[in-house]
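Chain by chain, the residues:
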Amino acid sequence: MRDLAATMTGFARTLRAAGVGADHERTQNLLKALGHLDVARREDVYWAGRLTLCATPDDLPRYDRCFAAYFGGMRAVRGLRRAATVTRHLAGGEGEGERGQEAVLATASPLEVLRQRDVAALSEAERAEVHRMLALLRARRERRLSRRLVPSRRGRLDQRRTVREALRKGDVARLRHRDRTTRPRKVVLLVDVSGSMAPYAETVLRFAHAMARTEPRATRVYSIGTRLTPISVELRHRDPGTALAEVSKAIPDWSGGTRLGEELRELLNRTSVRGAIVVVASDGWERGDPALLGEQMARLARQARRVIWVNPHKGHEDYQPLTGGMRAALPFIDDLVAGHSLAAFEELSERLSDARRPA
């Protein structure tokens, strides 16, 4: 069942990248449905997924294409020559040695293989495909209650509207109410564009573009290197290529050094991040004073709702946060996550959609 859950979770992520509303709740419903079906039968898996993962009629053709690509190999994915075949053992009996076990041959599409690969090791064509999928990413985020009150069927009594309507109609036919609405929580992204981040910086910026395009008013993006540069306006262009071209013109310190402590101090002196989710995308190679970085990270942690550090090297099994910058920042980080692959950025997007602090 663990292998089955991993397979179907990867399928749900592929659907979300294609624009299908296959969220966490729908994925759990799919796994429950498959618990009552024969997972070795392609038809059972197909219909279970179609009935649980699709939310609208527009999702159906996308679902069919993704299902053919993910479980069928070549037909729905062009440009890559062959699929990787993986054999997964799905338990059919009570123990691992039972005869009821069946070896189910599952074909992982080239797209699914590409999702897990380190972008630094990709060819230009493969990296372009990853960037295309990032452009399709629905970058959701946590919602917060707004101070603004709007008309509602329930909530606080709206005395003014109720009295005005009573005066207009001659009697109180209906009590009017109002309630607080919700807004997306502000996200502040700091993208390291120093030389050590060169293999990953463009991919991180394309993720930032997906965030800024989805919620432009609630997203602020800065590049960090030898100086702090605001790039939110440049990233609001609808076309990713045009947005990245504008960003490249705006950033004066591409592939330079990194002075994270000084730039965090400038950010916190310039603006407030109170209540925001702050995402720092950097490998932690600090050329400045690590003690200063630690002081500014402490300030940041006191203001922000949550601090997420995205390190591309975190995706490697043998990674340890040994650089001076990472060791100084680590005590003030809520989440240290990977940022080396398409799958890592999809997981980051899911984390931003529910970034509540643990109790």
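Everything here concerns the structure above.
Residues numbered from 1 in each chain as written. Predicted model: local features only at pLDDT ≥ 70, side-chain atom pairs only at ≥ 80, totals over all residues. Heavy atoms only, no water.

By secondary structure assignment, the location of Ser232 is in helix α9 (residues 232-235). The exposure class of Ser232 is buried, given its relative accessible area of 12%. Residues within four places of Ser232 in sequence aside, it is in contact with Thr219, Arg220 and Val221. (Helix = DSSP H or I, 4+ residues; strand = E, 2+ residues; numbered from the N terminus. Buried < 20%, exposed > 50% of the residue type's maximum accessible area, 1.4 Å probe, protein only. Contact = heavy atoms within 4.5 Å.)

Take a positive patch on the surface next. Taken together, the side chains of Arg144, Arg147, Arg148, Arg156, Arg160, Arg164, Arg168, Arg178, Arg180, Arg183 and Arg217 define a basic patch exposed on the protein surface. If you list the elements that add at least two residues to the positive patch, you get β3 (143-152), α7 (159-169) and β5 (177-184). Within the fold, Arg148 resides in strand β3. (Patch = residues over 30% accessible without salt bridge, like charges linked within 9 Å, V, L, I, M, F, W, Y side chains within 5 Å. Areas by Shrake-Rupley, 256 points an atom, 1.4 Å probe, with all protein chains shown as cover. Salt bridge = Lys/Arg side-chain N within 4 Å of Asp/Glu carboxyl O. Lys, Arg positive; Asp, Glu negative; His and termini not counted. Charge placed at Lys NZ, Arg CZ, Asp CG, Glu CD.)

Applying the stated criterion to the full structure yields 11 aromatic pairs. With 5.7 Å between their ring centres and 65° between their planes, Phe11 and Tyr63 make a pair best called edge-to-face. Of the two residues, Phe11 is situated in helix α1 (residues 2-17) and Tyr63 in helix α4 (residues 59-72); the sequence distance between them amounts to 52 residues. Here Phe11 falls in the buried class, since its relative accessible area comes to 0%. A centroid spacing of 5.3 Å and a plane angle of 35° characterise the contact between Phe207 and Phe345, whose relative ring orientation is tilted. (Phe/Tyr/Trp six-rings, centres within 6.5 Å; stacked < 30°, edge-to-face > 60°.)

Core analysis: the biggest nonpolar cluster contains 38 residues, and Phe207, Val279, Ile308, Leu348 and Leu352 have the highest contact counts within it. If you list the elements that add at least two residues to this core, you get α6 (124-135), β6 (187-192), α8 (198-214), α10 (240-250), β9 (277-281), β10 (306-311) and α14 (342-352). For this core, the element with the highest residue contribution is α8, accounting for eight residues. If sequence neighbours within four positions are ignored, Ile308 has contacts with Ile277, Val278, Val279, Val280, Asp335, Val337, Leu348, Arg351 and Leu352. Val273, Leu293, Leu300 and Tyr319 belong to the second largest nonpolar core, which has 24 residues in total. (Core = buried A, V, L, I, M, F, W, Y, C linked by side-chain atoms within 4.5 Å.)

Let's shift gears to the side chain of Thr229. Looking at where Thr229 falls in the secondary structure, it is placed in strand β8 (residues 228-230). Judged by its relative accessible area of 9%, Thr229 is buried. Beyond its immediate stretch of four places on either side in the chain, Thr229 contacts Val221, Tyr222, Ser223, Ala250, Pro252 and Asp253.

Looking at where Leu228 falls in the secondary structure, it is placed in strand β8. Along the primary structure Leu228 and Leu267 are separated by 39 residues, whereas in three dimensions their C-alpha atoms are 7.5 Å apart. Setting aside its immediate chain neighbours within four residues, Leu228 contacts Tyr222, Ser223, Glu263, Glu266, Leu267 and Arg270.

Attention shifts here to the packing of α8 against α10. Interaxial distance between α8 and α10 falls to 10 Å at its minimum, and their mutual angle equals 115°. In terms of crossing hand, the pair formed by α8 and α10 is right-handed. Judged by residue contacts, Glu202, Leu205, Arg206 and His209 of α8 engage Pro240, Gly241, Ala243, Leu244 and Val247 from α10. Classifying every residue of the contact of α8 with α10 by side-chain character gives five nonpolar, two polar and two charged. (Axes fitted to C-alpha atoms, helices over the stretch in contact; angles between N-to-C directions. Left-handed = near helix turned anticlockwise from the far one by under 90°. Nonpolar A, V, L, I, M, F, W, Y, C, P; charged D, E, K, R; others polar.)

Taken together, six strands build an open sheet; the order of strands is β8-β7-β6-β9-β10-β11 and the sheet is mixed. On the outer flanks of this sheet lie β8 and β11 (335-338), each paired with one strand and no other. Mean inter-strand twist for the sheet, computed between neighbouring axes without regard to direction, equals 20°. Pairing of β9 with β10 involves five bridges; the strand directions are parallel. Within the sheet, the bridge partner assigned to Ala281 lies in β10 and is Val310. (Pairing = 2+ DSSP bridges.)

Distances and angles like these do not, on their own, reveal function.
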